[in-house]
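The chain contents come next:
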Amino acid sequence: MRCSCGSTGNVTEFPRAAQEGIEIGLMLGKVAESESLNLTDTDVEAALAERAAEERTSPAAIRAVLESNGGLEALRNRTQAKKVLDFLRSSAIIEEKVV
């Protein structure tokens, strides 16, 4: 998450940004639950393959690194959030108004 603090380095913005991040995560979790958007092994494997392609390595190597540094859960969380956001985008009804 990016710091939303100004160039003065005001760290008082961190708690607010953290709170917003938590609230967004909770909302996405609720949508995932209500729409049965369960994260599957296939979703995780696809995310590992995508990251491996970006880093020009194998999915197994990415998994090993993430398992060793505790990052696999973060990858799962990002993958779940992406799945929910993709669902919301595909479900959105967008109307254009001519002004």
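It should be noted that the structure appears before, not after, this text.
From a predicted model like this one, the values you see are computed outputs, not experimental measurements.

1. Thoughts on the layout of surface pockets
Then comes step 1: Here the largest pocket defines a volume of roughly 330 Å³.
Then comes step 2: D43, A46, A47, E50, R51, E54, L75, R78, T79, K82, K83 and D86 together form the lining of the largest pocket.
Then comes step 3: Among the residues forming the lining of the largest pocket, the class breakdown is three nonpolar, one polar and eight charged.
Then comes step 4: Roughly 180 Å³ of internal volume is contained in the second largest pocket.
Then comes step 5: Lining the second largest pocket are eleven residues, and of these G21, I24, G25, L28 and A81 lie nearest its centre.
Then comes step 6: Those elements that place two or more of their residues in the lining of the second largest pocket are helix 1 (13–34) and helix 4 (72–91).

2. Digging into the packing of helix 2 (residues 41–55) against helix 3 (residues 59–69)
Then comes step 1: Where helix 2 meets helix 3, the closest approach of the two axes is 8 Å, and the angle between their N-to-C directions is 100 degrees. Judged on the interaxial angle alone, helix 3 and helix 2 are roughly perpendicular. Between helix 2 and helix 3, the residues in contact are V44, E45, L48, A49, R51, A52 and E55 and P59, I62, R63 and L66, respectively.
Then comes step 2: Class assignment of the residues belonging to the contact of helix 2 with helix 3 gives a composition of seven nonpolar, no polar and four charged.

3. What about unusual backbone geometry?
Then comes step 1: Located in the positive-phi region is S36, a residue other than glycine, with phi close to 55 degrees.
Then comes step 2: Residue placement: S36 occurs in the loop between helix 1 and helix 2.

4. Comments concerning the side chain of T79
Then comes step 1: Here T79 lies in helix 4.
Then comes step 2: In this structure the side chain of T79 is engaged in a polar contact, spanning 2.7 Å, whose partner is the backbone oxygen of L75.
Then comes step 3: The contact partners of T79, leaving out residues within four places of it in the chain, are L39, D43 and A47.

What counts and how
- Counting starts from 1 at the beginning of each chain's written sequence and moves along it residue by residue.
- Totals for whole chains, interfaces and linings use all residues, but because this is a predicted model, local features are given only for residues with pLDDT of at least 70 and pairs of side-chain atoms are given and counted only at 80 or more.
- Excluded from the side-chain calculation are hydrogens and water; included are all heavy atoms of the structure.
- Every definition here rests on a 1 Å grid over the protein atoms only: cavities are sets of points where a 1.4 Å probe fits but cannot get out, pockets are open sets enclosed by protein on both sides within 12 Å along at least five of seven lines, and lining residues have some atom within 4 Å of a point.
- Grid points are joined across faces, edges and corners, and a volume is the space filled by probe spheres set on the points.
- Side-chain classes are defined by residue name, with Ala, Val, Leu, Ile, Met, Phe, Trp, Tyr, Cys and Pro counting as nonpolar, Asp, Glu, Lys and Arg as charged, and the others, Gly among them, as polar.
- A run of DSSP states H or I qualifies as a helix once it reaches four residues; a run of E qualifies as a strand once it reaches two. Both are numbered from the N-terminal end.
- Axes here mean lines fitted to C-alpha atoms, for a helix over just the part in contact, with angles spanning 0 to 180 degrees between N-to-C directions.
- Reported orientations rely on four angle classes, namely roughly parallel under 35 degrees, roughly antiparallel over 145, roughly perpendicular from 65 to 115, and oblique for the rest.
- Two residues qualify as a contact provided that any one of their heavy atoms is within 4.5 Å of a heavy atom in the partner residue.
- Polar contacts, as used here, are pairs of N or O atoms within 3.5 Å; protein pairs need one atom able to donate a hydrogen and one able to accept it. Residues neighboring in sequence count only if both atoms are side-chain atoms.

Geometric values such as these leave the question of function open.
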